[in-house]
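Listed below, chain by chain, are the residues.
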Amino acid sequence: DTEVTQTPKHLVMGMTNKKSLKCEQHMGHRAMYWYKQKAKKPPELMFVYSYEKLSINESVPSRFSPECPNSSLLNLHLHALQPEDSALYLCASSQAGGRQSNEKLFFGSGTQLSVL
Amino acid sequence: DQQVKQNSPSLSVQEGRISILNCDYTNSMFDYFLWYKKYPAEGPTFLISISSIKDKNEDGRFTVFLNKSAKHLSLHIVPSQPGDSAVYFCAASQGNLIFGKGTKLSVKP
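What you see is a predicted model; the values in this text were computed from it and never measured.

Summing up its helical and strand segments, chain A has zero helices and 11 strands in all. Reading the helices (α) and strands (β) of chain A from amino to carboxyl end gives β-β-β-β-β-β-β-β-β-β-β. Its C-alpha atoms give chain A a radius of gyration of 13 Å, within 12% of the compact-globule value 13 Å for 116 residues. Each principal axis of the C-alpha atoms in chain A carries an extent, and together these give about 35 × 30 × 25 Å. A burial count over chain A gives 47% of its 116 residues as buried. Carbon together with sulfur atoms contributes 49% to the accessible area of chain A, which is approximately 5,800 Å² in total. Computed over 13 positive and 10 negative side-chain charges, the separation of the two mean positions in chain A equals 5 Å.

Here we come to the sheet that holds strand E8 (residues 73-79) of chain A. Residues and elements named next belong to chain A. With antiparallel pairing, the four strands of this open sheet are ordered in space as E1-E3-E8-E7. On the outer flanks of this sheet lie strand E1 (4-7) and strand E7 (64-70), each paired with one strand and no other. Neighbour-to-neighbour, the strand axes of the sheet open up by a mean angle of 20°, direction not taken into account. Direction of pairing for E1 relative to strand E3 (residues 18-25): antiparallel, over a ladder of four bridges. Within E3, the position partnered with Thr 7 by the bridge is Lys 22.

Scanning all chains against the criterion turns up four salt bridges over all chains. Put simply, Arg 63 of chain A and Asp 85 of chain A hold a salt bridge, and the shortest N to O gap is 2.7 Å. Of this pair, Arg 63 of chain A sits in the loop between strand E6 (53-57) and E7 while Asp 85 of chain A sits in the loop between E8 and strand E9 (87-94), and the two are 22 residues apart along the sequence. In this structure Arg 63 of chain A comes out as partly exposed when scored by relative accessible area, which is 24%. One salt bridge in this structure joins Asp 84 of chain B and Arg 61 of chain B, with 2.8 Å as the shortest N-O distance. Of this pair, Asp 84 of chain B sits in the loop between strand E8 (72-77) and strand E9 (86-93) while Arg 61 of chain B sits in the loop between strand E6 (56-59) and strand E7 (62-67), and the two are 23 residues apart along the sequence. Owing to a relative accessible area of 2%, Asp 84 of chain B belongs among the buried residues under this scheme.

Let's shift gears to the nonpolar core. Residue and element names in this part refer to chain B. In terms of nonpolar packing, the biggest core is built from 23 residues, with Phe 33, Trp 35, Leu 73, Leu 75 and Tyr 88 touching the most fellow members. For this core, the elements supplying multiple residues, two or more each, are strand E3 (19-25), strand E4 (32-38), strand E5 (45-51), E7, E8, E9 and strand E11 (103-108). Here the element with the most residues in this core is E9; it accounts for four residues. Among all residues touching Tyr 88, those that are not within four sequence positions of it are Gln 6, Leu 21, Trp 35, Tyr 36, Lys 37, Leu 47, Leu 75, Ile 77, Gly 102, Thr 103 and Leu 105.

Before going further, it helps to examine unusual backbone geometry. Here the residue pair Thr 7 of chain A and Pro 8 of chain A is connected by a cis peptide bond, since its omega of -10° sits within 30 degrees of zero. Among the structural elements, Pro 8 of chain A can be located in the loop between E1 and strand E2 (10-13). Across the junction of Val 78 of chain B and Pro 79 of chain B, the peptide omega takes the value -10°, indicating a cis bond. With respect to the helices and strands, Pro 79 of chain B occurs in the loop between E8 and E9. Of note in this structure, Ser 59 of chain A is not a glycine but carries a positive phi near 55°. Relative to the assigned elements, Ser 59 of chain A resides in the loop between E6 and E7. For Ser 59 of chain A, a relative accessible area of 71% translates into the label exposed. Although it is not a glycine, Lys 71 of chain B adopts a positive phi angle of roughly 50°. Its location among the elements puts Lys 71 of chain B in the loop between E7 and E8.

Parameters and conventions
Residues numbered from 1 in each chain as written. Chains lettered and ligands numbered in written order. Predicted model: local features only at pLDDT ≥ 70, side-chain atom pairs only at ≥ 80, totals over all residues. Heavy atoms only, no water. Helix = DSSP H or I, 4+ residues; strand = E, 2+ residues; numbered from the N terminus. Rg over C-alpha atoms; globule rule 2.2 N^0.38 Å. Buried < 20%, exposed > 50% of the residue type's maximum accessible area, 1.4 Å probe, protein only. Areas by Shrake-Rupley, 256 points an atom, 1.4 Å probe, with all protein chains shown as cover. Lys, Arg positive; Asp, Glu negative; His and termini not counted. Charge placed at Lys NZ, Arg CZ, Asp CG, Glu CD. Pairing = 2+ DSSP bridges. Axes fitted to C-alpha atoms, helices over the stretch in contact; angles between N-to-C directions. Salt bridge = Lys/Arg side-chain N within 4 Å of Asp/Glu carboxyl O. Core = buried A, V, L, I, M, F, W, Y, C linked by side-chain atoms within 4.5 Å. Contact = heavy atoms within 4.5 Å.

As structure tokens, then:
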């Protein structure tokens, strides 16, 4: 199994809603990532979990709350989002701890989020 | 300020010919460079990489060239195939990956 699975594929939510994005991998990877990608822009790193601990938070607003329940699962809890948060949210994983330059990231297909 | 730049948003090539995708970077501390390929409605997939201590890496139809003095790398695809049509992201790393904006390659039959 070389897949990173993200659910849901599409999500529409209002600014007062609470929702969660889910990501799962069964490759035994020790690092998991959340990226945000807006149209015609590069993916931008949000969070990195290394060995189930949050190792990097790229100054992401608190309305985004990551959670890593175990080494295979990564969630992103969303609350009180703004329309400008509408984007493609990509989950990724890598084999090692997430700090080596030559680590290859395996990406999921993403969740296309629209905030109304 | 962008640390990784892909100045061509799109490239169109005839099937069988060479595709050359370019990437420039500003941070001389990057020690690894990667190319990712992205089809619509899918996440990016790893294509090929190169360490900063090398100047060329080849994998089948794909070759990446690195010119450290110019802070420039390029991806060559020979021969190009219609299935290569996708968005190609250049990425550089010194621990965390920094992506360029991507180049949309269209290979016409």
